[in-house]
Structures are given as structure tokens and as C-alpha cells.
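A look at the structure
Here are the chains, one letter per residue:
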Amino acid sequence: AVYSWGLNDHGQLGLPRQTKYSAEPSLVAGSKNVYSVSAGPLHSVCVSATGMVIVWGCNVHGELGIGSDE
């Protein structure tokens, strides 16, 4: 599982956006059986053991790879 903490002003922790900061490590939803994790300054990506890719955070330049910049 993936846990995150710190600033969340762009959703980069994988937590609800109304959570602007987390001082305590918090579980990222859907991050069970994670094989690999990579994090940028405002976004993160993980790959599950089954090959599912999970992305979260800022996407103003399409960094999440979801086909839009929203």
C-alpha cells in the first residue's frame, strides 16, 4: 500500500482535495498490492502487482496521461 503526507494543494497526495495538508501518513485509496511508485513535485504514479496504473495530482500539462489536462 502507498502512504503519503505533506502538502496536498494539487491532490498530489492522492487524498481528497479538501485535505490541503497531512502531517500524518495517510493511505492512498486504491493503492493495495503496489509493485512500484514514482512521484513528481505535484503528481504521483503507482503500478499494482496486476499491472494497473494509478495516477493522481496536478495535470495542467497532461502529466497524468489521462488524455486531458483537467
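A short note on the nonpolar core
Of all hydrophobic cores here, the largest spans five residues; its members are Val2, Val28, Cys46, Ile54 and Trp56. Residues in contact with Ile54, not counting those within four places in the same chain, are Gly30, Ser31, Ser44, Val45 and Cys46.

Structural notes on the confidence of the model for the chain
When pLDDT is averaged along the chain, the result is 88; 99% of the residues meet or exceed 70. Highest mean pLDDT in the chain belongs to strand S2 (residues 21-27) (93); lowest belongs to strand S5 (residues 53-57) (89).

Some remarks on the state of the cysteines
Linking two cysteines covalently via their sulfur atoms produces the bond known as a disulfide. In total, this model carries zero disulfides according to the counting rule given. For Cys46, which is in no disulfide, the shortest distance to another cysteine sulfur is to Cys58 and amounts to 18 Å. Take Cys46: its relative accessible area is 1%, and that puts it in the buried class. Residue Cys58 is classed as buried on the basis of its relative accessible area, which comes to 6%.

With respect to the side chain of Ser44
One can find Ser44 in strand S4 (residues 43-48). When residues no more than four places from it in sequence are discounted, the contact partners of Ser44 are Gln12, Ser38, Ala39, Ile54, Val55 and Trp56.

Quick look at unusual backbone geometry
Residue Asn33 is not a glycine yet carries a positive backbone phi of 55 degrees. Position of Asn33 relative to the elements: it lies in the loop between S2 and strand S3 (34-39). Given the relative accessible area of 60%, Asn33 is considered exposed.

Quick notes on the sheet that holds S3
The strands that make up a sheet are held in pairs by hydrogen bonds between backbone atoms, and each pair lies either parallel or antiparallel. If you trace the three strands from one edge of the open sheet to the other, you get S3-S4-S5, paired in antiparallel fashion. Sheet topology places S3 and S5 at the edges, where each strand pairs with a single neighbour. In this sheet, adjacent strand axes meet at a mean angle of 15 degrees when their direction is disregarded. Pairing between S4 and S5: five bridges, direction antiparallel. Counterpart to His43 in the pairing with S5 is Gly57.

Basis of the calculations
Residues numbered from 1 in each chain as written. Predicted model: local features only at pLDDT ≥ 70, side-chain atom pairs only at ≥ 80, totals over all residues. Heavy atoms only, no water. Core = buried A, V, L, I, M, F, W, Y, C linked by side-chain atoms within 4.5 Å. Buried < 20%, exposed > 50% of the residue type's maximum accessible area, 1.4 Å probe, protein only. Contact = heavy atoms within 4.5 Å. pLDDT = per-residue confidence, 0-100. Helix = DSSP H or I, 4+ residues; strand = E, 2+ residues; numbered from the N terminus. Disulfide = S-S within 2.5 Å. Pairing = 2+ DSSP bridges. Axes fitted to C-alpha atoms, helices over the stretch in contact; angles between N-to-C directions.

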